[in-house]
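# Structural overview
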Amino acid sequence: MSRSQVNAAFTFACFSVAPVLGSALSFLVNGAGIEGFLHVCRGAVPLSRDRAMIRITIALYAYSAVYLLSIFTNPMIGGWPGKAWPILTLLLFPVLYSGWSTGNKEALARAAVFGSMIACYGALVLAAAQYPFYGGRAEGGAGNAIIFATVTCLAAPVALAGAFLVEKRFAPALYGAVGAAAVALLLSGTRMTWVALFVALGAVLYIYRAEIRAGLPRWTLLVVVLALALFAAAASETVPRRVEALANDWRLVSTQGDYDNSLGQRLLLWRLGIRLALENRILGQGPQFTKLLIRDEYPVKSELPLRFSHFHNGFLGAWVEAGPIGLISLVAVFLLAGLTALRKFASHDPVERFGSAVLVTFVATFGIGGMTGLIVGHDLLDAAFIAFLVVGTFLSSGTITRWKPDG
């Protein structure tokens with residue numbers, strides 16, 4: 001296989017495995033990063049100098065540096081190395097980007113499209129099998145409903161964008177994939193990810209508004225109607241139940257001061273996180289203390305067992321663990337990714353526009369979904385975070401570099 005074919009196959013694997021095989025994506029991304037580092041060292045892969053990549057690398061490295069400093073400047077406790085090693089995935093960003101940039105852009109884009117399509121259908125099959133046996137919330141290959149919902153939410157908008165990129169004969173299968181992913185997300189019961197999917201799909205439709213105005217074939221409209229019907233059938237049971245649970249929790253919290261429910265526990269958790277963040281520690285409390293702080297300082301108002309290992313808000317977690325500099329650096333990654341995408345919304349190059357759609361999907365999924373879950377700090381999320389950020393940035397704004405097999 002040529003280098004371009006290897007990159008395309010690797011891209012297909014990265015975009016297809018996460019919902020079903022879970023942490024297999026982490027092995028793929030980290031393994032490729034280590035291999036890429038060796039190739040950079042021996043001169044086979046030139047280190048990319050793309051401006052967008054450099055800007056995002058600076059923000060990622062600033063976050064990683066502050067995060068690591070927070071670990072080492074706070075007291076060391078048992079298990080602290082487990083909090084340090086996940087940063088490796090973020091540090092591999094420029095190396096992975098340089099390796100990906102030795103591939104053919106069009107081939108990489110097609111691989112991302114069809115990989116995402118497989119991920120969507122795989123997510124539906126697994127979610128449908130799990131839903132009756134997992135207490136009404138599908139957990140996917142990740143074994144966690146929120147993580148499963150996040151990686152599924154990443155796949156659906158990419159498949160939708162792909163329907164405007166690849167040959168028209170594939171469009172029905174891609175529209176069907178979007179519907180399949182939407183149903184899988186419903187079965188996961190993760191409400192904030194429903195919002196993230198809605199925003200991401202809306203952004204993709206905006207990017208391709210000219211194609212939509214030009215008119216869609218009748219068979220395309222038929223597939224869309226069928227997908228919407230499937231979505232409505234799944235939503236008729238899941239959405240009312242989850243919305244009613246949220247409304248009931250809010251009623252208990254606001255009228256009775258009863259926090260013994262899902263929403264109430266999270267409100268108390270966020271209140272604790274804000275208090276800890278406002279203690280003005282420049283480098284934060286240290287990620288090794290997050291679970292202990294929650295256990296020891298969580299308000300004693302809930303009789304439900306505490307199972308929280310993080311603050312269920314990735315931005316608040318970064319603020320508590322790595323201080324204001326860590327929070328600013330993490331936010332900067334999203335701002336830079338969003339600006340990079342925005343510049344290519346109207347590009348005449350279809351691959352660049354597709355890359356902007358991947359970046360928009362990244363920003364919406366991790367930015368919105370991360371408000372009630374993790375952004376980084378889980379091996380599968382870290383790998384998906386880097387893979388989508390690399391591919392979106394390269395396809396939208398990157399330049400191809402030459403593979404030198406002899407170094």
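Refer to the structure presented above.
Please read these numbers as outputs of a predicted model, since none were measured by experiment.

For the rest of this paragraph, the subject is the environment of I325. Following the sequence through the fold, I325 ends up in helix 16 (residues 314-343). For I325, a relative accessible area of 39% translates into the label partly exposed. With 258 residues separating them along the chain, I325 and Y67 place their C-alpha atoms 9.3 Å apart. Beyond its immediate stretch of four places on either side in the chain, I325 contacts V66 and I282.

Glancing now at the packing of aromatic side chains. Counting across every chain of the model gives 15 aromatic pairs. Where F164 meets Y208, the ring centres are 4.8 Å apart and the plane angle is 10°; that geometry is what we call stacked. Of this pair, F164 sits in the loop between helix 9 (145-163) and helix 10 (171-188) while Y208 sits in the loop between helix 11 (191-207) and helix 12 (209-213), and the two are 44 residues apart along the sequence. A relative accessible area of 2% places Y208 in the buried class. Every member of this aromatic cluster is reached through a ring pair, and the members are F315, F334, F362, F366 and F385. A cation over an aromatic ring shows up here: K105 above the ring of F394, its NZ or CZ 5.3 Å from the ring centre. For the cation-ring pair, R209 lies above Y206, with the distance from its terminal atom to the ring centre recorded as 4.0 Å.

Judged by nonpolar contacts, the single largest core of 95 residues is most densely connected at L25, F93, W100, F354, F366, F385 and L389. Examining the composition of this core, we find that 13 residues originate from one element, helix 18 (residues 379-397), more than from any other. Setting aside anything within four residues of it in sequence, one finds L25 in contact with C14, V17, A18, L380, A383 and A384. Core analysis: the second largest hydrophobic core is formed by 13 residues, A277, L293, F308 and V320 among them.

This paragraph deals with the side chain of T89. Positionally, T89 belongs in helix 6 (residues 87-91). Sequence-distant contacts of T89, defined by excluding residues within four places in its chain, comprise V29, N30, D382, A383 and I386.

With that out of the way, let us pick up helix 17 (residues 350-369). For helix 17, built from 20 residues, the straight-helix expectation of 28 Å at 1.5 Å per residue is met to within 8% by its first-to-last C-alpha distance of 28 Å. Burial within helix 17 is extensive, with 18 of its 20 residues counted as buried. Its side-chain oxygen placed 2.9 Å from the backbone nitrogen of V351, D349 serves as the N-cap of helix 17.

With that settled, the discussion passes to the pattern of salt bridges. Pairs can form between side chains of opposite charge whenever their charged atoms are close. For the structure shown, the criterion picks out four salt bridges. Residue E211 pairs with R353 through a salt bridge whose shortest N-O separation is 2.8 Å. Placement of the pair is E211 in helix 12 and R353 in helix 17, with a sequence separation of 142 residues. Using a relative accessible area of 24% as the deciding quantity, one classes E211 as partly exposed. For K344, the salt bridge is made with E352, and the minimal N-O distance between the two is 3.6 Å. Residue K344 is classed as partly exposed on the basis of its relative accessible area of 21%. For E352, a relative accessible area of 17% corresponds to the buried category.

Let's shift gears to helix 9. For an α-helix, the turn length of 3.6 residues means that residues three or four places apart are oriented alike. Taking 1.5 Å of rise per residue, the 19 residues of helix 9 would be expected to cover 27 Å, and the 27 Å separating its terminal C-alpha atoms lies within 8% of that figure. Of all 19 residues that make up helix 9, 18 are buried, and the element is covered over most of its length. Capping the start of helix 9, N144 holds a side-chain oxygen 2.9 Å from the backbone nitrogen of I146, two or three residues further along.

Definitions and cut-offs
Residues numbered from 1 in each chain as written. Predicted model: local features only at pLDDT ≥ 70, side-chain atom pairs only at ≥ 80, totals over all residues. Heavy atoms only, no water. Helix = DSSP H or I, 4+ residues; strand = E, 2+ residues; numbered from the N terminus. Buried < 20%, exposed > 50% of the residue type's maximum accessible area, 1.4 Å probe, protein only. Contact = heavy atoms within 4.5 Å. Phe/Tyr/Trp six-rings, centres within 6.5 Å; stacked < 30°, edge-to-face > 60°. Lys NZ or Arg CZ within 6 Å of the ring centre and 35° of its normal. Core = buried A, V, L, I, M, F, W, Y, C linked by side-chain atoms within 4.5 Å. Expected span 1.5 Å × (residues − 1). Polar contact = N/O pair within 3.5 Å; in protein donor to acceptor, adjacent residues only side chain to side chain. Salt bridge = Lys/Arg side-chain N within 4 Å of Asp/Glu carboxyl O.

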